[in-house]
Amino acid sequence: MTEQASPDGLAEQLRAARQWAGITQEQLAGLSTVSVRAIRDLEQGRVRHPRRETLRLLAGAMRLSDARRAALELAVEGAEAGTVMREAYGAELAPPPKPLRRLVGRTEELRALTGLLATEHERLLSVVGLAGVGKTRLAQEAALLLHGRDRTPVVWVDMTDTAPPAAGPAGTRSPRSALTGWARSLALGGRGLDELASVIRGRATLLVLDGHDTGPHLTPPLLELLHVCERLKVLITTREPHRTPGNRMLPLGPLPVPDPEPGESPGGAGVPGASLTAGEPAVELMLSYVGHMRPDLMPGDSLVRTVARISRALDGVPRAMEAAASWLLLRSPAELLRIARTTPLDVVDDVTAGDTGDVGGEGLAALLAAAVARLDDGPAALLGDLSLLPDGWSADQAAAGLSATPAAVVRDVHALMLRGLVRRLPGEEDGAPRFGVLNLVRQLAAERAASLVPATALVSS
């Protein structure tokens, strides 16, 4: 594969690199043994095919990183991207994106994910869960640890980004955009296998497909890449389970929330705030959102109790809590709690919902509705029935109350849990796990279940 560029692209890249190094053309000539005239001709775009040795001398004199060196060589007309990046490929050329915030409350999940990534026999993993639950942030942290500890290259592909690969001067693609472009193409069933395989070869590499919701199976070209590159690992974040053989699924649920307080009421005294925040990541995270949005609110016991109840009403879903905190510009904490308990979807999107980066600019409410709409009729009907039950039911209790076979209920509850619509609650009752439907999807589940009722049944009732 050949990246075509005009000589102006090389000229701009070289000028920018020299200015970044903070040296003049004369100084660069003295450091590199390349003549001032040759440097001037290169920077003015008069040379179409400079010798690679010349570029290497210049790059060495300017102490360019591998990524900048590769970008410089790619700017040469006729330069082969595969050849350039094979020589420069490494941790510096392929780093994961740096997160803007610290990871809260995912210690066990991070340990499980990094442990699997460290083993030789696990090469295909997927983190599956509801929109807004924090899949991307968990994958970022795991990729950063792997990259920093083992110097593993990380090819990070945002599968929700439908924009064309970023271009540099005069249309040249950067090394990173070339790598991600090939990987995205393979994930969608397109071309790029030979190019990407020739770069990765036998090098340990982590390929992250973030937001890969396009289907239940990996495409044949991507599977072939896994076979060809024996030290490659693929990590997927997705809202729907991937059923590719050999895939190890890690369901990611919402953050743990505090249990309801004894005799809790909207105006009740409750328990001291400190006991609510201790060891409760959802409350800690929600308090940080509230503090950033409304620094004038003093974090006393009353506010902490209200915030804890809001986080519980929003199921500990990070994105829902962040959006809800933005509504404190308009609502009081008590008003926000009332809405979160009764109509939570009214506060899970803020005014910037169209700029969230999701496909089509969808807000969380629309994504949750889509998750319920994608369910098959059987699990959808069960979810509607379960949404009417108070939290704390076991699979056997649900089966008995719904006049269904335990096997069928367990199968469908399992499917609902993988999608994050049902969560396992802490503690057990008579040795049986307890479950509950997310408050965020109760109304959506009831509406979907109602739509499954035959029209004749509605008339007869």
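Computed from a predicted model, the values in this text were never measured in an experiment. (Residues numbered from 1 in each chain as written. Predicted model: local features only at pLDDT ≥ 70, side-chain atom pairs only at ≥ 80, totals over all residues. Heavy atoms only, no water.)

Peer 1: Mind laying out the layout of surface pockets, listing which residues take part and the relevant values?
Peer 2: Quantified by volume, the second largest pocket comes out at close to 920 Å³. Taken together, 33 residues form the lining of the second largest pocket, with Val257, Asp391, Arg423, Arg424 and Leu425 sitting closest to its centre. Among the elements that line the lining of the second largest pocket, the one with the most residues is strand E6 (residues 422-429), at five residues. Its residues placed into classes, the lining of the second largest pocket shows 14 nonpolar, five polar and 14 charged. (1 Å grid on protein atoms, 1.4 Å probe; cavity = no way out; pocket = protein on both sides within 12 Å on 5 of 7 lines; lining within 4 Å. Points joined across faces, edges and corners; volume = space filled by probe spheres on them. Helix = DSSP H or I, 4+ residues; strand = E, 2+ residues; numbered from the N terminus. Nonpolar A, V, L, I, M, F, W, Y, C, P; charged D, E, K, R; others polar.)

Peer 1: Quick one: what's the story with the environment of methionine 417, residue by residue and with numbers?
Peer 2: Topologically, methionine 417 is positioned in helix H20 (residues 406-418). Contacts of methionine 417, omitting those with residues within four sequence positions, involve Val422, Arg424 and Phe435. (Contact = heavy atoms within 4.5 Å.)

Peer 1: Would you mind going over the sheet that holds strand E3 (residues 205-210) in detail, with residue names and values included?
Peer 2: The strand order across the open sheet built from five strands is E2-E3-E4-E1-E5, with neighbouring strands paired in parallel fashion. Lying at the two open borders of the sheet, with one neighbouring strand each, are strand E2 (154-158) and strand E5 (248-251). Along the sheet, successive strands turn relative to each other by an average axial angle of 15 degrees, direction set aside. Where E3 and strand E4 (residues 232-238) come together, six bridges link them in parallel fashion. Note on E4: the bridge partner recorded for threonine 205 is leucine 232. Against the sheet, helix H9 (residues 175-187) makes contact with E2 and E3, and its axis sits at roughly 60 degrees relative to E2, the strand it touches most. (Pairing = 2+ DSSP bridges. Axes fitted to C-alpha atoms, helices over the stretch in contact; angles between N-to-C directions.)

Peer 1: So what's going on with the pairing of E2? Which residues, and what values?
Peer 2: In terms of residue burial, E2 counts as a mostly covered element, since four of its five residues are buried. Of the pairings in the sheet, the one linking E2 to E3 comprises five bridges and is parallel in character. Across the sheet, the residue bridging to valine 155 is leucine 207, located in E3. (Buried < 20%, exposed > 50% of the residue type's maximum accessible area, 1.4 Å probe, protein only.)

Peer 1: Could you give an account of the environment of proline 95, naming the residues involved and the relevant values?
Peer 2: Among the secondary structure elements, proline 95 is positioned in the loop between helix H6 (81-88) and helix H7 (107-118). Classification of proline 95 as partly exposed rests on a relative accessible area of 25%. With 49 residues separating them along the chain, proline 95 and leucine 144 place their C-alpha atoms 8.0 Å apart.

Peer 1: A description of empty space enclosed by the protein should follow, citing residues and the corresponding values.
Peer 2: Counting across every chain of the model gives one cavity of 30 Å³ or more. Within this model, the largest cavity holds a volume of roughly 30 Å³. What lines the largest cavity is simply Leu130, Ala131, Arg239, Leu367, Ala371, Arg374 and Arg419.

Peer 1: Would you mind going over the pattern of salt bridges in detail, with residue names and values included?
Peer 2: Per the counting criterion, the structure on display carries 16 salt bridges. For glutamate 108, the salt bridge identified is with arginine 111, shortest N-O distance 2.8 Å. One end of the pair is glutamate 108 and the other is arginine 111, both in helix H7 and three residues apart, which spans about a single turn. Looking at arginine 111, the relative accessible area reads 49%, which means it is partly exposed. Through salt bridges that share partners, Glu240, Arg374 and Arg419 make up one connected network. (Salt bridge = Lys/Arg side-chain N within 4 Å of Asp/Glu carboxyl O.)

Peer 1: I'd like a rundown of helix H10 (residues 193-200), residues and numbers included.
Peer 2: Within the sequence span of H10, burial applies to Glu195, Leu196, Ala197, Val199 and Ile200. One or two positions beyond H10, positive phi appears at arginine 201, with a value near 45 degrees.

Peer 1: Please give an account of H20 that cites residues and values.
Peer 2: Because an α-helix packs 3.6 residues into every turn, residues spaced three or four apart end up facing the same way. Taking 1.5 Å per residue as the helical rise, H20 with its 13 residues ought to reach 18 Å, and the 18 Å between its terminal C-alpha atoms agrees with that figure. Taken together, the buried positions of H20 are occupied by Val409, Asp412, Val413, Ala415, Leu416 and Leu418. Taken from the residues just after H20, glycine 420 is the one with a positive phi, measuring 80 degrees. (Expected span 1.5 Å × (residues − 1).)

Peer 1: Hey, could you go over the environment of leucine 421 for me, with residue numbers and the actual values?
Peer 2: In this fold, leucine 421 is placed in the loop between H20 and E6. Between the C-alpha atoms of leucine 421 and valine 437, which are 16 residues apart in sequence, the distance is 6.2 Å. When sequence neighbours within four positions are dropped, the list of residues in contact with leucine 421 reads Leu130, Ala371, Val372, Leu375, Leu383, Leu416, Val437, Leu438 and Val441.

Peer 1: I'd like a description of the pairing of E4, backed by residues and values.
Peer 2: Counting buried positions along E4 yields seven of seven residues, so the element is predominantly enclosed. Of the two faces of E4, both are covered, the one formed by Leu232, Val234, Ile236 and Thr238 as well as the one formed by Lys233, Leu235 and Thr237. Note that strand E1 (residues 124-128) and E4 share five bridges and pair parallel. Residue pairing for E4: leucine 125 is matched across the bridge by leucine 235. One crossover worth recording links E3 to the parallel E4 by way of helix H11 (residues 220-228), and it is right-handed. (Right-handed = clockwise from strand over helix to strand, strands pointing away.)

Peer 1: Can you explain the packing of helix H13 (residues 281-293) against helix H14 (residues 301-313)? Please cite residues and give values.
Peer 2: Axis separation between H13 and H14 bottoms out at 9 Å; the angle between their running directions is 115 degrees. Considering their axes alone, H13 and H14 lie roughly perpendicular with respect to each other. Relative to H14, H13 is oriented so that their crossing is right-handed. Contacts from Ala282, Val283, Met286, Leu287 and Val290 of H13 reach H14 at Val304, Val307, Ala308, Ile310 and Ser311. (Parallel < 35°, antiparallel > 145°, perpendicular 65-115°, else oblique. Left-handed = near helix turned anticlockwise from the far one by under 90°.)

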